[in-house]
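Spelled out from the first residue to the last, the chains are:
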Amino acid sequence: MELELLSLAYPPLLVFVAALLVLVLPRIAGFAVGALSLAAVLAISLVAPGGEHLGGTFLGFEVVPYYVDDFSRMVGLGLGFLGICSVIYAYSSEASKTLVALALVYVSSSIGAAFAGDWLVLLFMWELMAVTSTLVVWQYGGEAVRAGFRYALFHGTGGVLVMLAIAAHYVQTGTFIYTETGIATGIPALLAVLGMGVNVAFIGVHTWLPDTYPRPHIAASVFLSVYTTKTSAFILYRAFPIGSESDLAIYVAYMGGLMAVYGATFALLQHDMRALLSYHIQAQLGYIVAGIGMGAAMSSEIAVAGALSHLFNNILFKSLLFMAVGVVIYRTGEEDLYKLGGLWREMPLTTIGYGLGALSITAIPGFNGYVSKGMLFDAANPDPHYYGQPEYQALYWLLWLGAIGTLLSFIKLGYYVFFHGESEFEVADAKPGQTVAMLGLGGACLLFGVWWEGLADLAPTLHAHGGHFTFAYPGGEGTLHPYSPSHLETAGILTGVAAVTFAVVRKPLSKLDLGDPAMVVYPVTYYGSRWTMLAVTETYAAVDAAVVGAVKRCYWVGNNPVLAVDAAARRLPLVDVDERQPTDGGRPSTIHLRASIGTTVLLLTLVLTVVLWLLVV
């Protein structure tokens, strides 16, 4: 009976209701309700029965709003736990009730996308996620408004491509329900890759990340750093699941490898701390995307286990790093890492929080990132002792380069912020709520690094047998051994290379300030959107003037029919018409028909909705 009731408790709805309560309750009570709603999501994700729930029809189409399997369960656990920590952090960081309410609606849409069981529900949640995340950015005002506009353009474009992919998928398959083969091949798959590629920061459409995430409130950056990108990476897996054998999968895998290198490279060149972390969102997404591509191309269970485990781990350590950097900004007011230094004496708890996140993302043994990155290295390595294929040789080295770049970036960030020189700031450490949130996430990173079996047990494509975890790959079956001598040796080589490299390049690196070449899209986007907006508004004005003028003339004709006939007759040749006195005394028409564009859009939407409903029924 309890399990049946849990299948009716729709996680996104719980968080959405909590968002509304945040607005009306006293601040501490509202934030507590928000955290409890996400604790409920965590609990439901853990024990909810698998399968399809709340299914039905919408506009004649079969839909499954709530679908639980091992994949959505793992993602739900991560999103729920992070949500609890993020709300606590937001409360302690003086985030407004409005910001947290918007953030919780955003979180609810992300959770809804993760638990969707069909492409139609997914599309609704995908678009809601784009709208609400834009509002989270805009709420801060200032520079965040322009950045939010650019962010909305990117995600609006990506959303249109995803919508077209889903429509084309339905035309080919006749259903919106998820299948084991993912998105339909051909045009739907290509459109899905392009549209989802925006949200997972494919190279060239990634610039919204470093442009947007450094600008809003520090608590907003914590929410934003996870929910859009990690949920979208999971949906990319839904589109290209293990065994789908899509022709695009190998290209997806290599895009992931290039993202790992590109993101780490431009992170190294950043002065702004949150911009550095934003580029590393792209870099770490690269590992996840590479794993999804390898799993879809070759039915590699170790690749998918690595991708989903790294996604789960990213939820933990990426948000932790944004929290630690956010505390530094909160206390010092400084965003430039080169203007800081020596803060470990002033902020020991924040330094510990940063250290836990940095050791995790750089895959140091004993931390969760080491386990999941190790799976991905194994999946790509074509050496006979591992599980990759010859066509992955270049991908394997790209992942290596990305790992070295990641180590360099976080050595640089930690060195200049916490350990270089003496601090010029006399500041307090993290507040209690900030500390609880950071150490909670950091503890989870350490837990799943030491107790790696717990992480492996969550990974959907690993199979437990008497304390061992096995998996299938193209050459046969393997067993997971993350702390084998060869894995530890690889981690030691990577760390040693990065440490020596940093010692060599530290000074010249601090003088570099190279821009991202992909930023050239901003002028193009600006002028393109500007002329598009002008075209739309001028067209609207012309149509509005024509319609209002026509109605006024009809109104005048109705009041003055004889004068109207006379006026028409005067236009004819050889016709002489006497002047007449207007019946209304010559007063102009006083009819008022002009409506605002918002009212017009609303009316048109209502009319189109009625028409659509009549067509469907």
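Above this text is the structure in question.
Rules of the game
- Residues numbered from 1 in each chain as written.
- Predicted model: local features only at pLDDT ≥ 70, side-chain atom pairs only at ≥ 80, totals over all residues.
- Heavy atoms only, no water.
- Salt bridge = Lys/Arg side-chain N within 4 Å of Asp/Glu carboxyl O.
- Helix = DSSP H or I, 4+ residues; strand = E, 2+ residues; numbered from the N terminus.
- Buried < 20%, exposed > 50% of the residue type's maximum accessible area, 1.4 Å probe, protein only.
- Contact = heavy atoms within 4.5 Å.
- Expected span 1.5 Å × (residues − 1).
- Disulfide = S-S within 2.5 Å.

### A closer look at the pattern of salt bridges
A side chain of one charge can pair with a side chain of the opposite charge if their charged atoms are brought near each other. Counted according to the given criterion, the structure contains seven salt bridges. As a salt-bridge pair, Arg215 and Glu143 come within 3.0 Å of each other at their nearest N and O atoms. Remark: Glu143 occurs in helix H7 (residues 143-173) and Arg215 occurs in the loop between helix H9 (208-212) and helix H10 (218-224); sequence separation between them is 72 residues. For Arg215, a relative accessible area of 29% puts it in the partly exposed group. Asp211 serves as the salt-bridge partner of Arg150, at 2.8 Å between the closest nitrogen and oxygen. Of this pair, Arg150 sits in helix H7 while Asp211 is found in helix H9, placing the two residues 61 residues apart along the sequence. On the basis of relative accessible area, Arg150 is assigned to the partly exposed category, the value being 23%. Judged by its relative accessible area of 4%, Asp211 falls in the buried class. Members of the salt-bridge network, linked through shared partners, are Glu143, Arg150, Asp211 and Arg215.

### As for the side chain of Ser244
Tracing the chain through its elements places Ser244 in the loop between helix H11 (227-239) and helix H12 (249-268). Among all residues touching Ser244, those that are not within four sequence positions of it are Thr181 and Ala296.

### Describing unusual backbone geometry
One non-glycine residue with positive phi stands out, namely Ala201, at about 65°. Looking at the secondary structure, you find Ala201 in the loop between helix H8 (187-199) and H9. The buried category is assigned to Ala201, whose relative accessible area is 0%. In this model, Glu245 sits at a positive phi of 55°, which is unusual for a non-glycine residue. When you line up the elements, Glu245 lands in the loop between H11 and H12.

### Let's talk about H8
Between its terminal C-alpha atoms H8 stretches 19 Å, which fits the 18 Å expected from 13 residues at 1.5 Å a residue. Where burial is concerned, most of H8 is hidden: 10 out of the 13 residues are buried. Within the span of H8, buried status applies to Pro188, Ala189, Leu191, Ala192, Val193, Gly195, Met196, Gly197, Val198 and Asn199. Buried residues along H8 sit in contact with helix H6 (119-138), H7, H9, H11 and H12.

### Topic: the state of the cysteines
By the definition in use, this model includes zero disulfides. Counting only cysteine sulfurs, Cys445 is the nearest neighbor of Cys85, a cysteine outside any disulfide, at a range of 10 Å. Since its relative accessible area comes to 0%, Cys445 is described here as buried.

Distances and angles like these do not, on their own, reveal function.
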